[in-house]
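Structural description and commentary
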Amino acid sequence: MTRPADFWNTVYDNDTAPWVIGEPQPAIVALEREGGITGRVLDPGCGAGEHTILLTRLGYDVRGIDMSPSAVAYARANAAEQGVPSAAFEVADALALGDRPEFAGDPPGSAPAFDTVVDSALFHVFGTEDEPRAAYVRSLHAICKPGGTVHVLALSDVEPGFGPRISDTLIRESFHDGWTVEDVRPARYRGRVTDPVAQDAAHLEVSASGHVDLAAWLARIRRR
Ligand SMILES: C[S@@+](CC[C@H](N)C(=O)[O-])C[C@H]1O[C@@H](n2cnc3c(N)ncnc32)[C@H](O)[C@@H]1O
């Protein structure tokens, strides 16, 4: 569900985010090892910044953006703590990236900036709301180079769990004009059980490290 920045700020300020796990998502680590990430990279809805930190450490030119100032403050502190102070974060709305000349080119669309987008658990936030979801897809189209790749790691509705869970069909149907959905495969998304999700997570097995692995989709989508 689309939420204002204040909602997300509170989650970071109170340390109740079930997605803040102190490490990058294993599915994104594997994606990088498989060679799925190339060129200039955008990490929209970067949250605690783990993926921007990981990719910066590995030598990628990557930008993490989040609409929540508290998330960006958290990510910057996290990067400094992990010894990667050059990791670049900024506050920005992922629904309006095309308005940014440095992302979309000037005039907009003339020179999109990014070769790869790594969306970890942002797309599903817009879940069943048609307009924000369509705006997000348009926004990605504006900043992604022709031939570039968008990877979407999103919670899946095939198992009970917590958070906004979506179908693979929703991913396929959302990226139509100007995109080719090349692959949507089952994956896992690692989380932790915090108070706001405790009830929905009661049936989940918590690992020794305090994590739960939730059903997810990993989609690879090519910008035409
Ligand atoms: C479920 S969290 C995922 C965080 C991170 N990518 C991860 O996997 O750990 C979603 C993040 O998207 C951010 N967000 C929500 N709506 C956004 C928007 N319109 N533009 C940018 N960021 C947004 C939230 O502040 C939050 O940090």
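Refer to the preceding data block for the structure.
All values reported here derive from a predicted model rather than from experimental measurement. Residue numbers run consecutively from 1 along every chain, following the written order of its sequence. Only residues with pLDDT of at least 70 are given local features in this predicted model, and only at 80 or more are side-chain atom pairs given and counted; all residues enter the totals for whole chains, interfaces and linings. Only hydrogens and water are set aside when side-chain values are computed; all heavy atoms of the structure are taken into account.

Focus on the overall build of the protein
Under the scheme used here, helices are H or I runs from DSSP no shorter than 4 residues and strands are E runs no shorter than 2 residues, and both carry numbers assigned from the N terminus. In terms of helices and strands, the protein carries seven helices and seven strands. In terms of overall size, the protein behaves like a compact globule, its C-alpha atoms giving a radius of gyration of 16 Å where 224 residues would be expected to give roughly 17 Å. To sort residues, take the accessible area from a 1.4 Å probe on protein chains only and compare it with the maximum for the residue type: under 20% means buried, over 50% means exposed, and anything in between is partly exposed. Here the protein, with 224 residues, has 51% of them falling under the buried criterion. For this analysis, residues touch if any pair of their heavy atoms sits within 4.5 Å. Of the contacts made within the protein by residues no fewer than 6 positions apart, 72% connect residues no fewer than 24 positions apart. For this measure, only C-alpha atoms enter the radius of gyration; the expected value for a globule follows 2.2 Å times N^0.38, where N is the number of residues.

A word on the packing of aromatic side chains
In this scheme Phe, Tyr and Trp rings, the latter by its six-membered ring, pair at centre separations within 6.5 Å, and the angle between planes marks the pair as stacked below 30 degrees, edge-to-face above 60, and tilted otherwise. The final tally for this structure, using the stated rule, is nine aromatic pairs. Considering the side-chain rings of Phe7 and Trp8, the 5.1 Å spacing of their centres and the 85° angle between planes classify their relative orientation as edge-to-face. Look at Phe7 and you get partly exposed, because its relative accessible area is 32%. With 5.2 Å between their ring centres and 90° between their planes, Phe175 and Trp179 make a pair best called edge-to-face. When sorted by exposure, Phe175 lands in the same class as Trp179, which is buried. These aromatic residues form a ring-pair network of at least three members: Phe7, Trp8, Tyr12, Trp19 and Tyr74. Definition used: whenever NZ (Lys) or CZ (Arg) falls within 6 Å of the ring centre and also within 35 degrees of the ring normal, the charge is taken to sit over that ring. Positioned over the ring face of Phe7 is Arg3, at 4.1 Å from the centre of the ring. The aromatic ring of Phe103 is capped on one face by Arg100, whose charged end is 4.7 Å from the ring centroid.

Some words on the side chain of Thr56
In this fold, Thr56 is placed in helix 3 (residues 50-57). Classification of Thr56 by relative accessible area gives buried; the value is 16%. For the purposes of these results, a polar contact is taken to be a pair of N or O atoms within 3.5 Å, where, inside protein, one atom must be able to donate a hydrogen and its partner to accept one; residues adjacent in sequence count only when each atom of the pair is a side-chain atom. At 2.6 Å, the side chain of Thr56 forms a polar contact with the backbone oxygen of Thr52.

Notes on the sheet that holds strand 5 (residues 144-155)
Overall, mixed pairing links the seven strands, which are arranged 3-2-1-4-5-7-6 in an open sheet. The open sheet has two free edges, formed respectively by strand 3 (88-91) and strand 6 (179-192), since each of these has just one partner strand. Neighbouring strand axes in the sheet, compared pairwise and without regard to direction, differ in orientation by 20° on average. Lying on the sheet, helix 4 (residues 69-81) is in contact with strand 2 (61-66) and strand 3; it crosses strand 3 at an angle near 165°. When DSSP finds two or more bridges between a pair of strands, those strands are recorded as paired. An axis is simply a line fitted to the C-alpha atoms; with a helix, the fit covers only the stretch in contact. Between two such axes, the angle follows the N-to-C directions and lies from 0 to 180 degrees.

Focus on unusual backbone geometry
Residue Pro107 follows Asp106 across a cis peptide bond; omega there is 5°. For Pro107, the location among the structural elements is in the loop between helix 5 (101-104) and strand 4 (114-120). Phi is positive for Asp15, which is not a glycine, with a value near 55°. Notably, Ala121 is not glycine yet its phi reads approximately 65°, a positive angle. Here Ala121 lies in the loop between strand 4 and helix 6 (130-143). Judged by relative accessible area, Ala121 falls into the buried class, the value being 16%.

So, the site of the ligand
Near the ligand there are 18 residues, and of these Tyr12, Gly45, Asp66, Ala94 and Ser120 occur at the shortest range. Here a nitrogen atom of the ligand sits 2.7 Å away from a polar atom, N or O, in the main chain of Gly45. Between the ligand and the protein, one listed contact pairs an oxygen atom with a side-chain N or O atom of Ser120 at 2.7 Å. Here the open area of atoms and residues is found with the Shrake-Rupley method and a 1.4 Å probe, where only the protein chains shown may cover a residue. Within the complex, 96% of the 600 Å² of free accessible area of the ligand lies under protein. Taken together, the residues of the shell around the ligand sort by class into twelve nonpolar, four polar and two charged. One heavy atom within 4 Å of a molecule or strand makes the whole residue count as near it. Classification convention: Asp, Glu, Lys, Arg as charged; Ala, Val, Leu, Ile, Met, Phe, Trp, Tyr, Cys, Pro as nonpolar; all other residues, Gly among them, as polar.

Taken by themselves, the reported measurements are silent on function.
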